[in-house]
Amino acid sequence: MAKRIVLVERPPLNTCTGCRICELACSFRHDKTFNPEKSRVRVVRTEYGISYPIICHQCSKPPCVEACPTHAITKSREGGLVSIDESLCVGCGLCVERCPFGAIILHPNKNVAIKCDLCGGDPSCVRSCPERVLALADVNIVAQRTRTTWVESKSSGGG
Amino acid sequence: MTLKYSAYTGRYLRVDLTRGEIKEVETEEWRARSYLGGNGFGTKVLWDEVPKGIDPFSPENRLVFSTGPLTGTIWPTAGRLEVIGKSPLTGIYGDANCGGHFAPELKFAGYDMIIFHGRSKRPVYLWVEDGRAELRDASHLWGKGTWETEKIIRKEHGDERIKVASIGPAGENLVRFAGVITSGRAAARSGLGAVMGSKNLKCVAARGELDVEVADDEFFDYAYEIQQQILSNEYTPSTSRYGTPGLVNPMNEISRFPTKNFQRGDFPYANEISGEVLEKKFLARRVGCFACPINCGRAAIVREGPFKGTYTEGIEYETINSLGARTWNRDMASIIKGDLLCDDYGLDSISTGGVIAFAMECFERGIISEKNTGGMKLEWGDPQVVLELIEKIVKREGIGDVLAEGVARAAKRFGKGAEYYAMHIKGMEMSAQDPRSQQSYILAHVTSTRGADHLKGFPCIDETGYVDAAIKRYGEQYLPEIVDGLSTKYKPMVVKDGEELGAVTDSAIVCKFGTHFPPAYYWPELARGISLATGMQLDVAELKRIGERIYNLQRCFNAREGMGRKDDVQPKRIMVESGTGRASGHTAGPLLEPMLDEYYELRQWDKKTGWPTRAKLEELGLKDVADELDKLSRSKRARK
């Protein structure tokens, strides 16, 4: 199974607080500048202070791939990474419209679609997250951990 | 020529509200090099442009919103905003600082700073977007709370990413301790929200997609290194978990927790309003400021009782003290409600609690009675009284109209010895550090350039004794006194250092969480970080000189307004009444003068006047300032 960036929270500590360090790390990694508008990860913060980082899930059946008229977006067979060939992208924004999460954005200067490319395997956002709630992981492994944590919480106190 | 330093936008705005004109100016090299940003920028504007003796509510007053070179970058905690102006509460230099997300947005929108002057005929707001700015009508926003103002602006522009810094009804009604609020974060000390109100300026709304670029790519890795340094500091995890409310119990234990208007330094019910209670019963979630790895913000929600459903973003230690212990109020839900009211109406919660506690004490002592209060019984510890007084202050209704002037003016109005119970320095209500239990604060409160203040000197080293940091920062030779809260030894050195470090953090702009407490990084790291960001090649000595220059210029602004050593005093009560607990038998009296002597000497200020000497000012490149002060004292002598 392919790896993607996932959110793993353990409240009350280790929660997404909306500090947006991931956005800054992402924009610097890709564009050598600090500009959240150039970030592939976007932290949404609601009126009541709930924060959640939105980032590409590297879908198994990516709507963006289907939407792209120039075949600029492809999903790799082995790693599962959904990537954009900027030289083929015409900046029509159809993928942006179709992504159910809003995880694809048109770059404000280059006017091509941009999305999480996992930084070649060492994601800048994961490294920078001070709450350590972002992880590069296989979702099924995450599920395994969640199962274990849940079971342990049920049996606590039983010795 | 555009600015040669990176990390700045290289432009700022001058907004003439009288004429409705906006001018874009290039950020000058000398300004960046000598004053860095934020606090330094604002200080320089005030000295240059605010004439001696003007009414802070007059159109001539300046109101400065400033960012710094690190704002908008990934440097830990670099999301803060500085607001500077002549204070209507104190009549001297005033500034306020807050976190949140507004300042970086202003920078992404293209500006290092905005200087407002004049007064608009009608309510207006400034809209700033991607290197453009315009004044827009704000008639429909006037009278609205800060939360609703933000909501309306976002809706009107159809963009939820817009960040807003606004005033509420308190600022509009010229409450002298009104603040500027951005999403529940308050730049509220000094009453600059009222200056904004006097200018008919409701808010600044910003949205930007522009880059913030640094000089050296190494900045990115270095910022990460500092982030790790902060996260691995032994005091960071508790700050992250409990936020500033986590200080309630420890500060109460050392009797540094002002209670009942400074009648005592400890509150018997502190454990009902502590950080632990907040987490257990009221925590909604932890919320972070822009680029902050500590994330001390505590969003709280009241889940039952009369205040059920009250949600507030970021209740702090200071507010818990001022609306809690200071007024003998042990009802945490009402404190959360009061915090929301202060944020929404745009009040400084520190001064608000201070003025309410003062009124309660005056009532207790018979200085005022139900005749003055419109029949209200101002009983200690009654949460309803606290909340009702907040409403009256904001609306300037009855007794609220007097209290809206702050404790110093209210005391004059009440007479009958009320001044003794007015806990203020230079007109600013005291924050929650009872100096009788931490002697460094005797000095730090009185040498703060904006009046009573915990954040200028911010001497943490002797609070509960941070030995490791003390050794690292000052050297082993100063132990054990330097970490002893009840000793005055070496504290002038600590306070001076904290003030200059603070002037730099407030100019860079970063949070004092990291530099002052937890003491995770210091001058060398800041010098390197700012250098990598800007390309300035600053060493520690030069950065210290910038801090010293800024602080001296603030002092000179106050000197020009007639302040000097005579004004560097603590309120009489804590000079003569002893503290409680560990501060039993200790007052803030006898030790103040010797500490001041030593402090002035370290600063090379005149011991008699408390003014910076010509030699010091010239050393800091402030010859013109020295000339002006000389002229002033010559004309003063001539008048005599």
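Residues numbered from 1 in each chain as written. Chains lettered and ligands numbered in written order. Predicted model: local features only at pLDDT ≥ 70, side-chain atom pairs only at ≥ 80, totals over all residues.

**Student:** In this structure, what is going on with the environment of B:Leu617? I would like to understand it.
**Tutor:** All names here are of chain B. Considering the arrangement of structural elements, one finds Leu617 in helix α26 (residues 614–619). Overall, Leu617 belongs to the buried group, with 25 C-beta atoms counted inside 10 Å. Remark: the alpha-carbon pair of Leu617 and Trp605, spanning twelve residues in sequence, is separated by 9.5 Å. Setting aside its immediate chain neighbours within four residues, Leu617 contacts Asn552, Pro612, Leu622, Lys623, Val625 and Ala626. (Helix = DSSP H or I, 4+ residues; strand = E, 2+ residues; numbered from the N terminus. Buried ≥ 20, exposed ≤ 12 C-beta atoms within 10 Å, placed from the backbone. Contact = placed C-beta atoms within 7 Å.)

**Student:** Would you explain the interface of chain A and chain B in this entry?
**Tutor:** Note: interface size is frequently given as the accessible area lost on complex formation between the parts. Across the contact, 23 residues belong to chain A and 31 residues belong to chain B. Among the elements that take part in the side of chain A that touches chain B, helix α1 (residues 21–31) of chain A stands out by supplying four residues, more than any other. Class assignment of the residues belonging to the side of chain A that touches chain B gives a composition of twelve nonpolar, seven polar and four charged. (Nonpolar A, V, L, I, M, F, W, Y, C, P; charged D, E, K, R; others polar.)

**Student:** Even after reading the chapter, I still don't get the environment of B:Thr352, so can you show me in this structure?
**Tutor:** Residue and element names in this part refer to chain B. Structurally, Thr352 is set in helix α13 (residues 349–364). Residue class for Thr352 comes out buried when judged on the 33 C-beta atoms lying within 10 Å of it. Expressed as a C-alpha distance, the spacing of Thr352 and Ala508, which sit 156 residues apart in the sequence, is 29 Å. Every residue in contact with Thr352, bar those within four places of it in the chain, is listed here: Phe177, Ser322, Cys342, Leu347, Ile390 and Ile393.

**Student:** Would you mind showing me how to read the pairing of strand β3 (residues 51–54) of chain A here?
**Tutor:** Residue and element names in this part refer to chain A. Pairing of strand β2 (residues 42–45) with β3, which is carried by four bridges, proceeds in the antiparallel orientation. Counted as the bridge partner of Arg45 is Ser51 from β3. Taken together, β2 and the strand that follows it, β3, pair antiparallel across an intervening segment of five residues, in which Gly49 is found at a positive phi of about 75°. (Pairing = 2+ DSSP bridges.)

**Student:** Where do I start with the pairing of strand β5 (residues 93–98) of chain B in this structure?
**Tutor:** For a regular strand, side chains alternate in direction, first toward one face of the sheet and then toward the other. All names here are of chain B. Within β5, six of the six residues are buried, which leaves it mostly tucked inside the rest of the structure. Burial along β5 is two-sided: the residues Tyr93, Asp95 and Asn97 and Gly94, Ala96 and Cys98 are all buried. Note: strand β4 (residues 81–86) against β5, six bridges, orientation antiparallel. By the bridge assignment, Ile84 is partnered in β5 with Asp95.

**Student:** Help me understand the sheet that holds strand β14 (residues 297–301) of chain B, please; the structure alone is not making it clear to me.
**Tutor:** Two strands in a sheet stick together by hydrogen bonds in their backbones, pointing the same way (parallel) or opposite ways (antiparallel). All names here are of chain B. Spatially, β13-β14-β15 is the arrangement adopted by the three strands of the open sheet, whose pairing is antiparallel. Edge positions in the sheet fall to β13 (283–287) and β15 (311–313), since each of these pairs with one other strand and no more. In this sheet, adjacent strand axes meet at a mean angle of 15° when their direction is disregarded. For β14 and β15, the ladder comprises three bridges, and the chain directions are antiparallel. Among the inter-strand pairings, Ala299 is bridged to a residue of β15, identified as Glu313. Contacts from helix α10 (residues 275–282) reach β13 and β14 within the one sheet, and its direction differs from that of β14 by about 50°. (Axes fitted to C-alpha atoms, helices over the stretch in contact; angles between N-to-C directions.)

**Student:** What's the story with the domain arrangement of chain B in this structure? I'm lost.
**Tutor:** Residue and element names in this part refer to chain B. Considered domain by domain, chain B is made up of domain 1 (11–207), domain 2 (233–429) and domain 3 (440–639). For domain 1 versus domain 2, the separation of C-alpha centres amounts to 26 Å. Contact with domain 1, which involves 36 residues of that partner, is made by 26 residues of domain 2. Looking at the side of domain 1 that touches domain 2 element by element, the count peaks at three residues for helix α5 (residues 169–172). The residue makeup of the side of domain 1 that touches domain 2, split by class, is 17 nonpolar, 16 polar and three charged. (Domains from an automatic or database assignment.)

**Student:** Explain unusual backbone geometry here, please?
**Tutor:** The bulk of non-glycine residues show a negative phi, and the bulk of peptide bonds are trans. In this structure, A:Pro12 follows A:Pro11 across a cis peptide bond, with omega equal to 5°. Tracing the backbone shows A:Pro12 in the loop between β1 (3–7) and α1. Phi is positive for B:Leu36, close to 65°, though the residue is something other than glycine. Residue placement: B:Leu36 occurs in the loop between α1 (29–35) and α2 (38–49). Of note, B:Tyr490 is a non-glycine position whose phi angle comes to about 70°, a positive value. Assignment of secondary structure puts B:Tyr490 in the loop between α19 (467–474) and α20 (491–508). Note on B:Tyr490: 21 C-beta atoms within 10 Å, which makes it buried.

**Student:** Looking at this structure, how should I read the packing of α20(B) against helix α25 (residues 592–603) of chain B?
**Tutor:** In helix packing, the relevant descriptors are the interaxial angle and the interaxial distance, both defined with respect to the helix axes. All names here are of chain B. Axis separation between α20 and α25 bottoms out at 9 Å; the angle between their running directions is 50°. The pairing of α20 with α25 is recorded here as oblique in orientation. In the packing of α20 onto α25, the handedness of the crossing is right-handed. Packed against α20, whose contacting residues are Lys491, Pro492, Met493, Val495 and Lys496, the element α25 presents Met595, Glu598, Tyr599, Leu602 and Arg603 at the interface. (Parallel < 35°, antiparallel > 145°, perpendicular 65-115°, else oblique. Left-handed = near helix turned anticlockwise from the far one by under 90°.)

**Student:** When you look at helix α17 (residues 407–414) of chain B in this model, what are you seeing that I'm missing?
**Tutor:** The periodicity of an α-helix, 3.6 residues per turn, causes residues three or four places apart in sequence to face the same way. Residues and elements named next belong to chain B. The set of residues buried in α17 consists of Val407, Ala408, Ala410, Ala411 and Phe414. The buried residues of α17 occupy one face: seen down the axis, they fall within an arc of 165°. Of the surrounding elements, those touching the buried residues of α17 are α13, α16 (399–403), β16 (424–425) and β17 (428–429). Once α17 finishes, Gly415 follows within two positions and takes phi at roughly 65°, a positive value. (Arc of directions from axis to C-beta.)

**Student:** What is the right way to look at the confidence of the model for chain B in this model?
**Tutor:** Any region with low pLDDT has predicted coordinates that should not be read closely. All names here are of chain B. Summarising the model, chain B shows a mean pLDDT of 97, and 100% of its residues fall at 70 or more. Per-element mean pLDDT across chain B ranges from 91 in helix α27 (residues 623–639) up to 99 in strand β6 (residues 113–117). Reported confidence for the predicted complex is 0.96 by ipTM and 0.97 by pTM. (pLDDT = per-residue confidence, 0-100.)

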